[in-house]
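Each chain, letter by letter, is given below.
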Amino acid sequence: MKPAGARQFETEGSHPRLKSSDTKAFAKALLAANHARDGILSDVSFADATWVMLLDLFVSQAHDGRLSLSDLYTSISAPKATTLRTIARLVDQGHLETEADPRDGRRTLVRLTEDTYRQMAEVVEEIRGILTDRQRGVPDGTIAP
């Protein structure tokens, strides 16, 4: 079976002018911005660990990869037990898939389901479109030409 991140995607949102390559690059920038924020405000506990996890998995799959549990532990600022509970909840909800690493059975690999990968692409495109519109001075809720 072909990994979800290996396919090209095109979504119809309110900002269809964005290309999928722009979406992937912007998702990486969002992830970097979250990590920069966490580094600067290191004494603040942000409640968006699930978002960062989904974004990290999206970026990984956009490059045809999956992350291990240990990759996810280091990616987000949450205790290991919280991360495991979050992953279990997202698996139960049908957003994530897990499997044993074929090269090392002791490791567990995690990835977004195809539907969630598509939804993440849509969300990232929407965020990028909104920010792009604001930079161009387009009023909120208006679709720029």
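Placed above this text is the structure.
Residues numbered from 1 in each chain as written. Predicted model: local features only at pLDDT ≥ 70, side-chain atom pairs only at ≥ 80, totals over all residues. Heavy atoms only, no water.

Participant: How should the packing of aromatic side chains be read in this particular structure?
Facilitator: By convention here, two paired aromatic rings are described through the distance between centres and the angle between planes. If you walk through the whole model with that rule in mind, you get one aromatic pair. Centroid distance Phe 58 to Tyr 117: 4.9 Å. Interplanar angle 35°. Geometry classified as tilted. With Phe 58 in helix H2 (residues 49-62) and Tyr 117 in helix H5 (residues 114-135), this pair connects stretches of sequence that are 59 residues apart. Neither Phe 58 nor Tyr 117 differs from the other in exposure class; each is buried. (Phe/Tyr/Trp six-rings, centres within 6.5 Å; stacked < 30°, edge-to-face > 60°. Helix = DSSP H or I, 4+ residues; strand = E, 2+ residues; numbered from the N terminus. Buried < 20%, exposed > 50% of the residue type's maximum accessible area, 1.4 Å probe, protein only.)

Participant: I keep staring at the environment of Val 110 and nothing clicks. Help me out?
Facilitator: Its location among the elements puts Val 110 in strand S3 (residues 108-112). C-alpha separation for the pair Val 110 and Asp 71, spaced 39 residues apart in sequence, amounts to 9.5 Å. When neighbours within four sequence positions are excluded, Val 110 is seen to be in contact with Leu 57, Arg 66, Leu 67, Leu 69, Leu 72, Leu 96, Glu 97 and Thr 98. (Contact = heavy atoms within 4.5 Å.)

Participant: Which parts of the structure should I look at to understand the sheet that holds S3?
Facilitator: Strands in a sheet are paired, the pairing made by backbone hydrogen bonds, and the direction either parallel or antiparallel. Within the open sheet, the three strands sit side by side as S1-S3-S2. Their pairing is antiparallel. Two strands close off the open sheet at either side, each with one partner strand: strand S1 (67-68) and strand S2 (96-100). Where S2 lies against S3, five bridges are found, and the strand directions are antiparallel. Looking at the pairing, Thr 98 lines up with Val 110 of S3. Running over the sheet, H2 touches S1, S2 and S3 and is turned about 90° from S3. (Pairing = 2+ DSSP bridges. Axes fitted to C-alpha atoms, helices over the stretch in contact; angles between N-to-C directions.)

Participant: What am I meant to see in helix H4 (residues 80-92) here?
Facilitator: Turn by turn, an α-helix covers 3.6 residues, leaving residues three or four places apart pointing in a common direction. Over its 13 residues, H4 extends 18 Å from the first C-alpha to the last, a length consistent with the 18 Å expected when each residue adds 1.5 Å. Along H4, the residues that are buried comprise Thr 83, Thr 86, Ile 87 and Leu 90. Relative to the axis of H4, the buried residues are bounded by an arc of 100° and lie together on one face. Those residues of H4 that are exposed and angled more than 90 degrees off the buried face are Arg 85 and Asp 92. (Expected span 1.5 Å × (residues − 1). Arc of directions from axis to C-beta.)

Participant: Can you help me understand the nonpolar core in this one?
Facilitator: When a protein is soluble and globular, its nonpolar side chains tend to lie buried together. Grouped together as the largest cluster of nonpolar side chains are 26 residues, with contacts concentrated most on Met 53, Leu 57, Phe 58, Leu 96 and Leu 112. Of all the secondary structure elements, the ones that give two or more residues to this core are helix H1 (20-40), H2, helix H3 (69-75), H4, S3 and H5. No other element matches H2, which puts eight residues into this core. (Core = buried A, V, L, I, M, F, W, Y, C linked by side-chain atoms within 4.5 Å.)

Participant: Help me understand the environment of Leu 96 in this model?
Facilitator: Relative to the helices and strands, Leu 96 is located in strand S2. Between the C-alpha atom of Leu 96 and that of Asp 115, which follows or precedes it by 19 residues, the distance is 9.7 Å. If we ignore the near neighbours within four places in the chain, the residues touching Leu 96 are Met 53, Leu 54, Leu 57, Ile 87, Leu 90, Val 91, Val 110, Arg 111, Leu 112 and Thr 113.

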